Amino acid sequence: MTGAAGAAPPREGDFLDSGRELQRRLVEEYYRGLAEAGGPQRPVAYMLVGGNLTEIVRSFGYEVVFPEIVALNCAIKHRSLENILHAEAMGYGLDVCGYVKNDLGLQDLGGSTPFGRIPRPDLLVCSFSGCYVYVKWWEALAESYGAPMFTYDVPYLREEVPYKEDIQYMVAQLWEFVHQLEKRTGRAFDMEELKRVLRETRRAEEGWARYLRAGRLRPSPIEAYFEAIFYMFPINVLRGTAQAADFYDVVNAEVERRVREGNLPLPEEKVRVLVEGVPPYTNYRTFWDFFRKWGAVSVVATYPKVGGLFDRGFLHDPARPFESIAEYSLGAYVNQSWTLRRKLIQEYLREYSVDAVVIHGIKSCRSFTAGQGDLRDWLIHDQGVPTLYIESDHQDPRYFAPAQIKNRMDAFFESLDQRRTTKAPATEVAA
Amino acid sequence: MSALVAGMDIGSTTAKCVLLEGKEIVGKSLSPVGVDIVKDAEVALELALRDARRERSEAAFIAGTGYGRYKVYFGQLTVTEISCHARGAHFLFPGTRLVLDIGGQDTKAIRVGSSGEVIDFAMNDKCAAGTGRFLEVCANALGFDIGEIGPLSLQARHPLKVTSTCTVFAESEVTSFVSRGKEPKDILAGLHASIVSRSLSLMQRVGIEPEVTFTGGVSRNEGMVLALRRRLGAPVNVSPLSQFMGALGAALAGQARCEGAAA
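Residues numbered from 1 in each chain as written. Chains lettered and ligands numbered in written order. Predicted model: local features only at pLDDT ≥ 70, side-chain atom pairs only at ≥ 80, totals over all residues.

**Here's the deal with the overall build of chain B**
Helices and strands together make up the secondary structure of chain B, namely eight helices and 10 strands. For chain B, the C-alpha radius of gyration of 19 Å lies close to 18 Å, the compact-globule estimate for 263 residues. Expressed along its principal axes, the backbone C-alpha trace of chain B runs to roughly 60 × 35 × 30 Å. In chain B, buried positions account for 55% of the 263 residues. (Helix = DSSP H or I, 4+ residues; strand = E, 2+ residues; numbered from the N terminus. Rg over C-alpha atoms; globule rule 2.2 N^0.38 Å. Buried ≥ 20, exposed ≤ 12 C-beta atoms within 10 Å, placed from the backbone.)

Encoded structure:
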């Protein structure tokens, strides 16, 4: 028996080609490389994705580890629950962030993951201070490893143009950070090296932005949520390296090929979706299936922008290294007020010809998720866009109830289908 | 002559089947759901056919809904119960703009358009808080059958405040009230009011607009209907077929499919 959605779609990865293959290889090489990192020769800095200072630590020869990304890699490989349960046995409560418990459990169990062993930190850079739980996470790691910790205090961004005082405040912190790194590594700060790294960063950012903007095409040659999440790895983990920049050249060539050959995410793009929120990594493919079944393609998404809103025009500027790093950190998606997040989503709706929005909230993070209910109401009532809000978690599989989530998604897409054919008056849709 | 279409709603506790011919319901059945859902679905269909004095071969189209809809292997269409309740409610009460469906394990508030299409919906989270199961557990804790508690709650003189809608915690709360000598009818009134409060927040989420139609197994409970009417301060449509609304909606979706419209 078939549902109203019709025949089963092709397999999830059918349209993915050289980009996905290269991404897999980069992930493997990265984790393999980490196995020998750590200590004075190749020190390791732990960093958070939002507003990170990758370029500065790279210019001092640090390897960068992003525990959030290690955690999500564990989650997608169905290894997060054992780490989380271990953290809970250590005393972390049910409502503590899944990233934190996944990582702290993993660290306490020896740091061994399905893709290699995660080295101990020589330095902890708390690059996103907007989440107090993250600061505490870093403090726990600092205490556990006896590693020094630098907290980068990033003021919250409430207006589009940042205050110059904020930029000055952050640039002053960056200089303080550089002086600390000079003391710790015994190396003098090399501005030319930082600019070189920033040039690679900028090249990767341009490539990544070009890829994301391909979602504007109709039909979209990219899956801006489920596929883009794979391709976030180079822009977040390898930013500042030639590898990352070259990667997006490969991906963009593939996207052009897809357009030429008609090798698209789905044979028929029935619904163009904007997705907001962190994905349920523990059930990533199941969640993707729930979209594909209805011919729904995510043409734009906000989550892949947590590492930077490069598609909106911001690029690191090697000619203004410190100022542009400060501007980057301030403008991180997670650091923006709801007014700015809403404005961004409103622009996306228009630019990407969006039919519907799916919001995925996570139990773990109230600071990111709080406000998504209001966003849903605003989208339905003020923007007239059908919107579905569902909730589970990005790390903890215990919160993902497949039958219930599927039921909501089926009902949502079914109602879109039905409304298209009954031609419901717009006033009712927007009521 | 219109084709005979079967709509089957396989829920968490009961299977419902409605046989529709044109605009007429010619047969229906209600039977329990156990561990063998496929068999339960077969039984529900057979019972409805018997009720209509029809043969299996006469059913031109079968549509399934409810959590067990994918187990209706012999059907040709699956539709979510959200669309089905909207469609069924609109069929019986064309002025319906909001459906409250309280079933065995979930509660749904559904905003409906003038053609019976779903405009928006909200559901309870993935626990059975404030659902039919909740009432069943609490009825058992008080030693009553589920069918007795509605009328009893209407006799309450000093309704108690039950703070928890969590099924497990509410059961403990009921036990605690009993041990303190409170009257079962007052406890039951509190339980009904707590479900209505929870349902109301779901309804507010999608926007309360008359007419409101109450569906699902819990709509058969007159204590719930009264509590809901009081809180809304407005009439609430309830049909003797309320429990069959999902199955009716599935049959209507099946009919639409037969006629070439979107299910």
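**Observations concerning the overall build of chain A**
A tally of regular secondary structure across chain A gives 17 helices and 11 strands. Computed over its C-alpha atoms, the radius of gyration of chain A comes to 21 Å, within 12% of the 22 Å expected for a compact globule of 431 residues. The buried share of chain A, taken over its 431 residues, is 49%.

**Concerning the pairing of strand 6 (residues 123-126) of chain A**
Residues and elements named next belong to chain A. Neither face of strand 6 is left uncovered, since the one carrying Leu123 and Val125 and the one carrying Leu124 and Cys126 both have all their residues buried. The pairing of strand 2 (residues 44-47) with strand 6 spans three bridges and is classified as parallel. Of the residues in strand 6, the one forming a bridge with Met47 is Val125. In terms of strand pairing, strand 6 meets strand 7 (residues 149-151) through three bridges, oriented parallel. By the bridge assignment for strand 7, Val125 is matched with Phe150. Handedness of the crossover is the feature at issue here: the chain leaves strand 6, passes through helix 6 (residues 132-145), returns alongside strand 7, and the resulting connection is right-handed. (Pairing = 2+ DSSP bridges. Right-handed = clockwise from strand over helix to strand, strands pointing away.)

**What about the confidence of the model for chain A?**
When pLDDT is averaged along chain A, the result is 92; 95% of the residues meet or exceed 70. Counted against residues more than four places away or in other chains, residues 425-431 of chain A, with its pLDDT under 50, gives 11 contacts. (pLDDT = per-residue confidence, 0-100. Contact = placed C-beta atoms within 7 Å.)

**A short note on the sheet that holds strand 9 (residues 296-301) of chain A**
All names here are of chain A. Here four strands make up an open sheet; going across it, the order is 9-8-10-11 and the pairing parallel. Each edge of the sheet is formed by a strand with only one pairing partner; in this case those strands are strand 9 and strand 11 (387-392). Across the sheet, the mean angle separating the axes of adjacent strands is 30° when strand polarity is ignored. Summarising the sheet, strand 8 (residues 271-276) and strand 10 (residues 356-362) pair through four bridges and their orientation is parallel. Bridged to Glu276 within strand 10 is Ile359. (Axes fitted to C-alpha atoms, helices over the stretch in contact; angles between N-to-C directions.)

**Here we look at the nonpolar core**
Counting residues in hydrophobic clusters, the biggest one holds 201 residues, and the most contacted among them are A:Val125, A:Val273 and B:Met8. No other element matches helix 6 (residues 184-206) of chain B, which puts nine residues into this core. Split by domain, the residues of this core number at least three in each of domain 1 (1-93 + 241-263) and domain 2 (95-238) of chain B. Residues within four places of B:Met8 in sequence aside, it is in contact with B:Ala15, B:Cys17, B:Ala41, B:Ala44, B:Leu45, B:Ile62, B:Gly64, B:Val72, B:Gly75, B:Ala247 and B:Ala250. (Core = buried A, V, L, I, M, F, W, Y, C linked by C-beta atoms within 7 Å. Domains from an automatic or database assignment.)

**Focus: the packing of helix 1 (residues 18-34) of chain A against helix 9 (residues 226-237) of chain A**
Residue and element names in this part refer to chain A. The contact between helix 1 and helix 9 brings their axes to 9 Å, and the two run at 45°. Of the possible angle classes, the one that applies to helix 1 and helix 9 is oblique. Viewed along their axes, helix 1 and helix 9 form a crossing whose handedness is left-handed. Across the interface between the two elements, Gly19, Arg20, Gln23, Leu26, Val27 and Tyr30 from helix 1 touch Phe230, Tyr231, Phe233, Pro234 and Val237 from helix 9. A class-by-class count of the residues in the contact of helix 1 with helix 9 yields eight nonpolar, two polar and one charged. (Parallel < 35°, antiparallel > 145°, perpendicular 65-115°, else oblique. Left-handed = near helix turned anticlockwise from the far one by under 90°. Nonpolar A, V, L, I, M, F, W, Y, C, P; charged D, E, K, R; others polar.)

**So, the pairing of strand 2 (residues 14-21) of chain B**
Residues and elements named next belong to chain B. Along strand 2, seven of the eight residues are buried, which leaves the element largely enclosed by surrounding structure. Bridge count between strand 1 (residues 4-10) and strand 2: seven bridges; the pairing is antiparallel. Paired with Asp9 across the strands is Lys16, a residue of strand 2. Between strand 1 and the antiparallel strand that follows it, strand 2, lie three residues. Pairing of strand 2 with strand 3 (residues 24-32) involves eight bridges; the strand directions are antiparallel. In the strand pairing of strand 3, Glu21 is matched with Glu24.

**Describing the confidence of the model for chain B**
Considering every residue of chain B, the mean pLDDT works out to 90; 97% of them sit at 70 or more. On the interface metric, ipTM, the complex scores 0.84, and its pTM is 0.90.

**Observations concerning the domain arrangement of chain B**
All names here are of chain B. Under the domain assignment used here, chain B contains domain 1 (1-93 + 241-263) and domain 2 (95-238). Between the C-alpha centres of domain 1 and domain 2 the distance comes to 25 Å. Contacts between domain 1 and domain 2 engage 15 residues on the former and 25 residues on the latter. Among the elements that make up the side of domain 1 that touches domain 2, the one with the highest residue count is helix 2 (residues 81-92) (seven residues). Considered class by class, the residues forming the side of domain 1 that touches domain 2 number five nonpolar, nine polar and one charged.

**Topic: the sheet that holds strand 8 (residues 118-123) of chain B**
Residues and elements named next belong to chain B. Overall, mixed pairing links the five strands, which are arranged 8-7-6-9-10 in an open sheet. Each edge of the sheet is formed by a strand with only one pairing partner; in this case those strands are strand 8 and strand 10 (236-237). Pairing analysis gives five bridges linking strand 7 (residues 107-112) to strand 8, with the strands arranged antiparallel. Counted as the bridge partner of Val112 is Val118 from strand 8. On top of the sheet, helix 2 reaches strand 6 (98-102), strand 7, strand 8 and strand 9 (212-215); it is set at about 60° to strand 7, its chief contact.

**Some remarks on unusual backbone geometry**
Each neighbour pair has its own omega, and for A:Arg218 with A:Pro219 the value is 0°, a cis peptide bond. Here A:Pro219 lies in the loop between helix 8 (191-213) and helix 9. Look at the link from B:Pro210 to B:Glu211: it is a cis peptide, with omega at 0°. Along the polypeptide, B:Glu211 turns up in the loop between helix 6 and strand 9. At A:His78, a position not held by glycine, the phi torsion is positive, near 60°. Structurally, A:His78 is set in the loop between helix 3 (67-76) and helix 4 (80-90). You can call A:His78 partly exposed: it has 13 C-beta atoms within 10 Å. Phi at B:Arg53 takes a positive value of approximately 55°, unusual for a residue other than glycine. Within the secondary structure layout, B:Arg53 lies in the loop between helix 1 (37-52) and strand 4 (59-65).

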